[in-house]
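Structural characterization, general
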Amino acid sequence: MSDPVEVLDDLRDESDELDRLVGELSEEQWRAPTPAPGWTIAHQIAHLAWTDRAALLAATDADAFAAEAEKAVEAPDRFVDEGAEEGAALPAEELLARWRTGRAQLQETLRAVPPGVRFPWYGPPMSAPAMATARLMETWAHGQDVADALGVVRTPTARLRHVAWIGHRARDYAYLVRGIPAPAEPFRIELQAPDGSLWTYGPEGAAQRVTGPALDFCLLVTQRLHRDDTALVAEGEDAERWLGIAQAFAGPAGGGRTPEGA
């Protein structure tokens, strides 16, 4: 896990980068479709604002968050879309202001959480650094949808290490949500960072291995790129199978992207 101050700074910077993409969009551009079926750019930002609010509740009012979490239990296939729909219906200026205010409040709150304190979430309880890491992963992933909708190619940064870390940590979750037993042995993951350095996870001598660009790995585990369109190399049947189902996010198994040209 990263240093809490560092990951919160990176979350702030990742959010600011996305803000620069959407801050001057016209109302028409806010309604542009993104690769997520049925979701416009407004839906993407509305989802981030909605999740920031949920995280703020979890960190400050456990009872209020429990009431919100119950909605997820009652409608697991709808509650995320419904939250996005509500925010996307707002005028662009109001939605943008809501997102900016919410993420600033969450930043302030997470920075004040004492070390070791955990608060409830839709999955296991979260510490402040873990929540910040998850929020950064989501901000980056939904930012990719926005960038794709606008035809913008983003420059990968060292902030991807947080996405890669959570993608590695979520390995067994991808099996769990599909009702598949997870492999007992650990995997070795070696990723080439944007600056050419190597990010590694798992024991060096593991038989099951994944190697390749960190950007491709992060796009894959957030399901923004199909396995066939990555430069990732898997050694071992279990490693290859995992790359076909990997997801860094909580919730039901995602459908992922279709291969380019399909």
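Residues numbered from 1 in each chain as written. Predicted model: local features only at pLDDT ≥ 70, side-chain atom pairs only at ≥ 80, totals over all residues. Heavy atoms only, no water.

Helix and strand counts for the chain stand at eleven helices and six strands. For a compact globule of 262 residues, the expected C-alpha radius of gyration is about 18 Å, and the chain comes in at 18 Å, within 12% of that figure. Over its C-alpha atoms, taken along the principal directions, the chain stretches across nearly 50 × 45 × 35 Å. The 262 residues of the chain split such that 50% are buried. Taking the contacts inside the chain whose residues are at least 6 apart along the sequence as the reference set, 66% of them involve residues at least 24 apart. For the chain, the accessible area works out to roughly 12600 Å², and carbon and sulfur atoms hold 53% of it. Across the chain, the centroid of the 24 positively charged side chains sits 2 Å from that of the 42 negatively charged ones. (Helix = DSSP H or I, 4+ residues; strand = E, 2+ residues; numbered from the N terminus. Rg over C-alpha atoms; globule rule 2.2 N^0.38 Å. Buried < 20%, exposed > 50% of the residue type's maximum accessible area, 1.4 Å probe, protein only. Contact = heavy atoms within 4.5 Å. Areas by Shrake-Rupley, 256 points an atom, 1.4 Å probe, with all protein chains shown as cover. Lys, Arg positive; Asp, Glu negative; His and termini not counted. Charge placed at Lys NZ, Arg CZ, Asp CG, Glu CD.)

Right, let's talk about helix H1 (residues 4–22) for a bit. The end-to-end C-alpha distance of H1 is 27 Å, a good match for the 27 Å that 19 residues give at a rise of 1.5 Å each. Among all positions of H1, only Val7, Leu8, Asp10, Leu11, Glu14, Ser15, Leu18, Asp19, Leu21 and Val22 are buried. Buried residues along H1 sit in contact with helix H2 (27–30), helix H3 (41–60), helix H6 (92–112), helix H7 (128–150) and helix H8 (160–169). (Expected span 1.5 Å × (residues − 1).)

Here the focus is the packing of aromatic side chains. Inspection of the entire model under this criterion finds seven aromatic pairs. Judged by centre distance (5.7 Å) and plane angle (45°), the ring pair of Phe79 and Tyr122 falls under tilted. Note that Phe79 is positioned in helix H5 (residues 79–88) and Tyr122 in the loop between strand S1 (118–119) and strand S2 (126–127), a separation of 43 residues in sequence. Classification of Tyr122 by relative accessible area gives partly exposed; the value is 30%. By the ring-pair criterion, three or more aromatic residues cluster together here, those being Trp50, Phe65, Phe79, Trp121 and Tyr122. Over the aromatic face of Trp99 sits the side chain of Arg103, whose NZ or CZ is 4.2 Å from the ring centroid. (Phe/Tyr/Trp six-rings, centres within 6.5 Å; stacked < 30°, edge-to-face > 60°. Lys NZ or Arg CZ within 6 Å of the ring centre and 35° of its normal.)

Here H3 crosses H5 at 110°, and the two axes come no closer than 8 Å. One way to sum up the angle between H3 and H5 is to call them roughly perpendicular. Classified by chirality, the crossing of H5 by H3 is right-handed. Contacts between H3 and H5 involve Ala42, His43, Ala46, His47 and Trp50 on the former and, on the latter, Phe79, Val80, Gly83, Ala84, Glu85, Gly87 and Ala88. The residue makeup of the contact of H3 with H5, split by class, is seven nonpolar, four polar and one charged. (Axes fitted to C-alpha atoms, helices over the stretch in contact; angles between N-to-C directions. Parallel < 35°, antiparallel > 145°, perpendicular 65-115°, else oblique. Left-handed = near helix turned anticlockwise from the far one by under 90°. Nonpolar A, V, L, I, M, F, W, Y, C, P; charged D, E, K, R; others polar.)

On to the environment of Val80. Tracing the backbone shows Val80 in helix H5. Taking the C-alpha atoms as reference points, Val80 and Thr51, separated by 29 residues in sequence, lie 9.0 Å from one another. Residues within four places of Val80 in sequence aside, it is in contact with Trp39 and His47.

The alternating pattern of strand S4 (residues 198–201) places Trp199 and Tyr201 on a buried face, while none of Leu198 and Thr200, on the opposite face, is buried. Between strand S3 (residues 188–192) and S4, which pair antiparallel and follow one another directly, the connecting turn spans five residues, one of which, Gly196, has a positive phi of 90°. (Pairing = 2+ DSSP bridges.)

Interpretation in functional terms is not warranted from these geometric data alone.
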